[in-house]
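# Overview (structure and organization)
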Amino acid sequence: MTSSNDFAAATQALGAQTIECALADFTSLARGKWLAADEFVAQQGCRLPNVLFGMTVTGGWPEALFGSLMPKGYSDMQLLADLDTLRARPGRPHEATVLCEPVGRWFSSSLGREVDACELSPRAWLKTVLAQYALLGLQATVAPELEMFLLRRDGAAIDCAKAHPASPTLEQTCEQYSLERTAQFEPFFDALYAGCETLGIPVSGHLHEASLSQYEVNFRPGPALQQADAVFRFKRLAREIANRQGFLASFAAKPFTDQPGTGMHWHFSLQHTTGDWPHVFATPDGLASPELMHFIAGLQAHTPSAMALFAPYDMSFDRIAMSDSSPTHADWGHDDRLAAFRIPAAGDPAAVRVENRLPGGDASPYLVVGATLAFGLDGLRNRLAVKGGKDHRLLLPLNLPDALDALASSPTARAMLGDAMVDLFVALKRNEHEERSALADPRQDWDLKHMIELA
């Protein structure tokens, strides 16, 4: 158990006078509260209304949730700080930031039982998935590749960013892999890398990607929970630094309909925690093991019901439907970037892995990593066989309503995520879809209005 003395020592070690308590819900936004260090120590976090989990990305509260899954009253829940994530805030002397988990219980009439707040936490769910691996003597190493756009608003339209507002230069055609265009944004990337070092985010490089004003940032491999934390924090950090420098960093899935969209690709490998041969996915001669193929088969079997987790907004499916290289089927291949599940070329057994290329940059890293590992584990446990070839290509949902229906009706997904999380996620996403669909020009009035800054 972590004591108040531990909290006091941790804050004093950072010289923090103010602590920011952050909660990860289903959005990419960090929600929470600032409070003085002494109050943080006394509360071991902070208290906030449990209505936080009933909010859509645009701040709406679906009425059907309250009095059924969520309580009607604005009762408080505890946000218990995870001291392993306590870090100094980049560029903010005497401030610190910490990730929290919700603690609290209330009765749900729709489920007919009490709900624990942690059942609604994507981060807490990922931890339960990792605990299942630990019981089997396994651990996961993951590495994300995260794409983002650097943009500016021009009235209601979205355009490429300038390095600073007064800059005379503007990208007119896609300058893929351009070092010169990337160098114009060196002040942004310098500040971004400095902030990543402060927060412990393991970035390893960046480049100009295949769309106008689009960049990819690579991460070193690491433990699954820490990598999901890193991506959650990275997205916020990038948005904050870009805003200070006069433009927008966006993880929206498809800002330009005639350009490639924003991906968030994740590389997964598994290791035994005991024994002489640690590499679950590789044979000693460096080839893919049967276990790797079982893992991929689990992804193939269950990904149709998880597409809403990988593509959580209507705009997310524009990236897939108007695809440049975004997969539309649950297929796999060796070093095939058009496949949903790619096995990259690797000469070293430690580098044998599978890349999940389905998620967009607007997805929750906790849900993406948790779902990939949970479905892969089902394939391992049941020794599922991969499917391939034109006659066995499994088409994925191509719009948000179909994806939500698949998730809501899947007994396997419900068993993996829990009824409370599935019901809450589906209700929030259907509310967002209905809000968007009621507009005359949904792409302009909802996608470009909200997703550019909130995805």
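Since this is a predicted model, take the numbers as computed values, not measurements.

## Considerations on helix H14 (residues 442-454)
- For H14, which comprises 13 residues, the first-to-last C-alpha distance of 16 Å sits more than 12% below the rise-based estimate of 18 Å (1.5 Å per residue).
- At Leu-448, H14 is deflected by roughly 30°, the largest bend along its length.
- Here H14 has its buried residues at Arg-443, Trp-446, Asp-447, Leu-448, His-450, Met-451 and Ile-452.
- Packing partners of the buried residues in H14 comprise strand E9 (138-154), strand E10 (157-160), strand E14 (248-250), helix H9 (314-321) and helix H13 (419-437).

## Some words on the nonpolar core
- Phe-188, Leu-192, Phe-234 and Leu-373 are the most contacted members of the largest nonpolar core, which totals 124 residues.
- Here this core gets 11 residues from one element, more than from any other, and that element is helix H6 (residues 224-244).
- The residues that make up this core include at least three from each of domain 1 (4-120) and domain 2 (129-452).
- Apart from the residues within four sequence positions on either side, Phe-188 is in contact with Met-148, Leu-150, Ala-238, Ile-241, Ala-242, Gln-245, Phe-247 and Ala-249.

## Description of the pattern of salt bridges
- Following the criterion strictly, the structure yields 26 salt bridges and no others.
- A salt bridge links Asp-423 to Arg-414; the shortest N-O distance between them is 2.8 Å.
- Beyond isolated ion pairs, a larger network of salt bridges with shared partners links Glu-20, Arg-89, Arg-92, Glu-95, Arg-236, Glu-240 and Arg-244.

## Some details on the domain arrangement of the protein chain
- Segmentation of the protein chain into domains returns domain 1 (4-120) and domain 2 (129-452).
- Here domain 1 and domain 2 have C-alpha centroids that lie 25 Å from each other.
- Contact residues are listed per partner, giving 31 residues for domain 1 and 33 residues for domain 2.
- Summing both partners gives a buried area of about 2,700 Å² for domain 1 against domain 2, and 65% of it is carried by carbon and sulfur.
- At the junction of domain 1 and domain 2, the tally comes to two salt bridges.

## Thoughts on the packing of aromatic side chains
- Going through the model one piece at a time under the given rule, you end up with 12 aromatic pairs.
- Arranged with centres 5.1 Å apart and planes meeting at 75°, the rings of Phe-188 and Phe-189 form a pair that is edge-to-face.
- Residue Phe-189 is classed as buried on the basis of its relative accessible area of 2%.
- Taking 6.5 Å as the distance between ring centres and 75° as the angle between the ring planes, the aromatic pair formed by Phe-234 and Phe-251 counts as edge-to-face. With a gap of 17 residues between them, Phe-234 in helix H6 and Phe-251 in the loop between E14 and strand E15 (264-272) connect regions that are remote in the sequence.
- Ring pairing ties together the aromatic residues Phe-185, Phe-188, Phe-189, Tyr-215 and Phe-247, which thus form one cluster.
- For Lys-235, the ring lying beneath its charged end belongs to Phe-251, and the centroid distance is 5.5 Å.

## A short note on the pairing of strand E11 (residues 203-208)
- In terms of strand pairing, E11 meets strand E12 (residues 214-219) through five bridges, oriented antiparallel. Considered in E12, the bridge of Leu-207 is made with Glu-216.
- Between E11 and the antiparallel strand that follows it, E12, lie five residues; Ser-213 among them carries a positive phi value of about 55°.

## Details of the environment of Ala-339
- Tracing the chain through its elements places Ala-339 in the loop between strand E16 (332-334) and strand E17 (341-343).
- Along the backbone, Ala-339 and Ala-88 are 251 residues apart, and their C-alpha atoms lie at a distance of 40 Å.
- Excluding its chain neighbours within four sequence positions, the residues that come into contact with Ala-339 are Pro-327, Asp-331, Trp-332, Gly-333 and Arg-357.

Reading the values: the criteria
Residues numbered from 1 in each chain as written. Predicted model: local features only at pLDDT ≥ 70, side-chain atom pairs only at ≥ 80, totals over all residues. Heavy atoms only, no water. Helix = DSSP H or I, 4+ residues; strand = E, 2+ residues; numbered from the N terminus. Expected span 1.5 Å × (residues − 1). Bend = angle between axes of the 7 residues up to and from the residue. Buried < 20%, exposed > 50% of the residue type's maximum accessible area, 1.4 Å probe, protein only. Contact = heavy atoms within 4.5 Å. Core = buried A, V, L, I, M, F, W, Y, C linked by side-chain atoms within 4.5 Å. Domains from an automatic or database assignment. Salt bridge = Lys/Arg side-chain N within 4 Å of Asp/Glu carboxyl O. Buried area = accessible area lost by both parts, 1.4 Å probe. Phe/Tyr/Trp six-rings, centres within 6.5 Å; stacked < 30°, edge-to-face > 60°. Lys NZ or Arg CZ within 6 Å of the ring centre and 35° of its normal. Pairing = 2+ DSSP bridges.

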